[in-house]
Amino acid sequence: MLAKVHACALVGLDGYIVDVEVDFNPRAGIPSFTIVGLPDNAVKESRERVRASVKNSGLQFPNKGYVVNLSPADLPKHSTAYDLAIGVGVLAATDQIPLNALSRTLFIGELSLDGRVRHVKGVMPLVYAAYREGFRQVYVSAEDAPQAGLVSGIEIIPVETLGLLVEHLYGLNPIPAYASEPILVGSAAYDGVVDFADIKGQEQAKRALEIAAGGNHNTLMSGPPGTGKTLLARALPGILPMPTLEEALEITRIYSVADLLKNDHPLVQTRPFRAPHHTISMAGLIGGGSIPRPGEVTLAHRGVLFLDECTEHSPKTLEVLRQPIEDKIVTISRAKGSLTFPANFLLVMAQNPCPCGYYGDPVKACTCTPNMIARYQSRLSGPLLDRIDIYVDVPRVEYDKLMGDRQGESSASVRERVEAARDRQRRRFGDTPGLFANSDMRVGEIQKFCVLTPEARQLLELSVRRTQLSARAYHRVLKLSRTIADLSDSEHIEVQHVAEAIQYRPQRAAS
Ligand SMILES: Nc1ncnc2c1ncn2[C@@H]1O[C@H](COP(=O)(O)OP(=O)(O)O)[C@@H](O)[C@H]1O
Ligand SMILES: [Mg+2]
């Protein structure tokens with residue numbers, strides 16, 4: 001008999017429906033169990049898991065000819081997530097499951113040898129694909145039900161074991177559908193995040209990070225060792241605005257595919273903060289591999305990518321960042337076409353000013369030759385530096401300030417301003433696709449939204465003439481001014497906003 005069941009393939013961050021056809025031939029002479037349709041080893045091994053789990057669930061597994069076809073046949077199948085659909089197909093083909101229970105229904109899960117249904121990665125996009133394609137219900141492992149429940153408009157049935165599933169499909173022991181909890185955003189936790197109040201001095205760097213968070217502006221911190229650059233970056237998550245529901249779902253989808261979600265709280269409530277080490281591989285950073293996985297730039301989507309000691313990263317690594325920084329997506333070429341992942345992150349980099357670290361320090365003398373300094377500074381290429389909105393020095397903190405008990409402003413209080421500024425941006429941009437923060441503005445939008453007062457215009461003009469800003473740098477100053485104005489709740493960009501924005505241009509000629 002022939003049975004047809006539905007499963008789902010994960011390609012990048014998207015799910016594609018796969019038909020699983022199981023043909024059972026009781027007259028076949030030799031026992032066989034063949035899977036066709038570009039299965040990889042994980043899928044081929046499904047045979048052993050299905051066979052054992054069917055038997056160990058007390059069900060019949062006639063040892064005859066099975067042919068399983070996974071279609072579309074030209075789409076490579078990689079995951080163990082087809083186990084459940086193949087198992088259900090085998091049971092339906094051998095008359096142990098009513099065929100009518102399988103229409104518009106999707107099965108996702110790995111089988112263990114004793115018949116339990118196990119977690120697989122990427123459940124959320126798989127369930128979303130089922131919803132998009134008009135499926136009625138999805139069967140997933142009980143463990144994956146909360147994640148599947150993030151997709152509304154489709155029934156989720158949590159399955160513990162294959163045996164319980166069969167009883168359910170016969171209506172003997174119905175499994176109640178998973179009752180999704182209402183999706184709420186806004187309960188971000190900040191445990192373990194450094195508070196701005198605990199960082200002494202460094203007022204300018206803190207202000208720069210506030211602006212960075214306020215409009216998602218790429219930032220480079222430069223200063224001698226031990227002045228708090230790493231500390232400041234680690235405090236950044238505490239002042240980032242809460243993700244909107246749309247953003248939270250986007251982040252969650254990526255983390256579902258990377259298999260980094262918590263089972264009990266599947267929705268990611270905080271913006272990611274990724275700090276890859278400089279020894280990271282290219283595939284680790286931008287994504288890739290034979291089954292393309294999202295890299296750090298995608299895991300940092302809607303959050304922060306922090307490159308500490310950025311000059312230690314190889315020039316090649318830094319160069320590949322150019323595309324995601326500019327396009328906010330990353331394209332991974334594969335043998336069969338290419339794949340894109342989202343990669344809209346806030347880039348924060350920290351560096352020492354020279355190899356010994358003390359160039360420009362008023363206390364400790366720099367021991368580097370001018371040549372060494374020049375070579376060191378050229379490790380960050382012009383095109384990369386041109387994509388930085390904020391350059392800020394993080395100098396040595398005076399002893400009195402460091403030892404004093406004067407508390408700075410808390411992260412929570414800075415975050416309020418950041419949230420208010422982001423609210424202004426959301427209201428301004430409405431539903432314009434691709435526009436989440438000021439740094440996302442393109443030329444037309446800059447013209448439309450960055451309205452300067454006459455004095456502000458005059459100052460900017462003067463500065464452009466004096467420092468010979470490139471067109472790109474000019475637009476960066478405008479966007480930055482827009483954020484500074486938003487942080488002070490000002491509709492127009494005034495002279496003090498432009499004056500502050502200009503301060504964050506690099507001292508050396510990068511633009
Ligand atoms: N401004 C500061 N306020 C409080 N502690 C600081 C400050 N700067 C540095 N420190 C202390 O020094 C340590 C090293 O700072 P770090 O951020 O690693 O410096 P950098 O990255 O600039 O080399 C921190 O963990 C912290 O204990
Ligand atoms: Mg450091």
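Quick caveat: nothing in here was measured; it's all calculated off a predicted structure.

A. A look at the environment of Lys 328. Within the secondary structure layout, Lys 328 lies in the loop between helix 13 (322-327) and strand 13 (329-333). Its 17 C-beta neighbours within 10 Å are what place Lys 328 among the partly exposed residues. C-alpha separation for the pair Lys 328 and Phe 341, spaced 13 residues apart in sequence, amounts to 9.0 Å.

B. Main features of the packing of helix 2 (residues 46-56) against helix 3 (residues 83-93). Between helix 2 and helix 3, whose axes approach to 10 Å, the crossing angle comes to 55 degrees. In terms of orientation, helix 2 and helix 3 fall into the oblique class. Crossing of helix 2 against helix 3: the hand is right-handed. Here Ser 46, Arg 49, Val 50, Ser 53 and Val 54 of helix 2 lie close against helix 3, whose contacting residues are Asp 83, Ile 86, Gly 87, Val 90 and Leu 91. For the contact of helix 2 with helix 3, a count of residues per class yields five nonpolar, three polar and two charged.

C. How the structure looks around the site of ligand 1. Near ligand 1 lie 13 residues; those nearest to it are Lys 200, Gly 228, Lys 229, Thr 230 and Leu 231. The residue makeup of the shell around ligand 1, split by class, is four nonpolar, seven polar and two charged.

D. View of the sheet that holds strand 15 (residues 346-351). Overall, parallel pairing links the five strands, which are arranged 11-12-15-10-16 in an open sheet. Strands with a single pairing partner mark the edges of an open sheet, and in this sheet they are strand 11 (273-274) and strand 16 (390-393). Strands strand 10 (219-222), strand 15 and strand 16 of the sheet are contacted by helix 7 (residues 203-215), whose axis makes an angle of about 160 degrees with strand 16.

E. Spotlight on the domain arrangement of the protein chain. With domains assigned, the protein chain is organised as domain 1 (2-169), domain 2 (196-417) and domain 3 (441-511). Placing a centre on the C-alpha atoms of domain 1 and another on those of domain 3 gives a separation of 57 Å.

F. Quick look at the pairing of strand 4 (residues 65-71). Covered by surrounding structure in strand 4 are Tyr 66, Val 68 and Leu 70 only, the residues Gly 65, Val 67, Asn 69 and Ser 71 on the alternate face being uncovered. As paired strands, strand 2 (residues 14-25) and strand 4 are joined by seven bridges and run antiparallel to one another. What sits directly across from Asn 25, in strand 4, is Gly 65. The pairing of strand 3 (residues 32-36) with strand 4 spans five bridges and is parallel. For Val 36, the partnering residue across the bridge sits in strand 4 and is Asn 69.

Rules and cut-offs
Residues numbered from 1 in each chain as written. Chains lettered and ligands numbered in written order. Predicted model: local features only at pLDDT ≥ 70, side-chain atom pairs only at ≥ 80, totals over all residues. Helix = DSSP H or I, 4+ residues; strand = E, 2+ residues; numbered from the N terminus. Buried ≥ 20, exposed ≤ 12 C-beta atoms within 10 Å, placed from the backbone. Axes fitted to C-alpha atoms, helices over the stretch in contact; angles between N-to-C directions. Parallel < 35°, antiparallel > 145°, perpendicular 65-115°, else oblique. Left-handed = near helix turned anticlockwise from the far one by under 90°. Contact = placed C-beta atoms within 7 Å. Nonpolar A, V, L, I, M, F, W, Y, C, P; charged D, E, K, R; others polar. Near = placed C-beta within 6 Å. Pairing = 2+ DSSP bridges. Domains from an automatic or database assignment.

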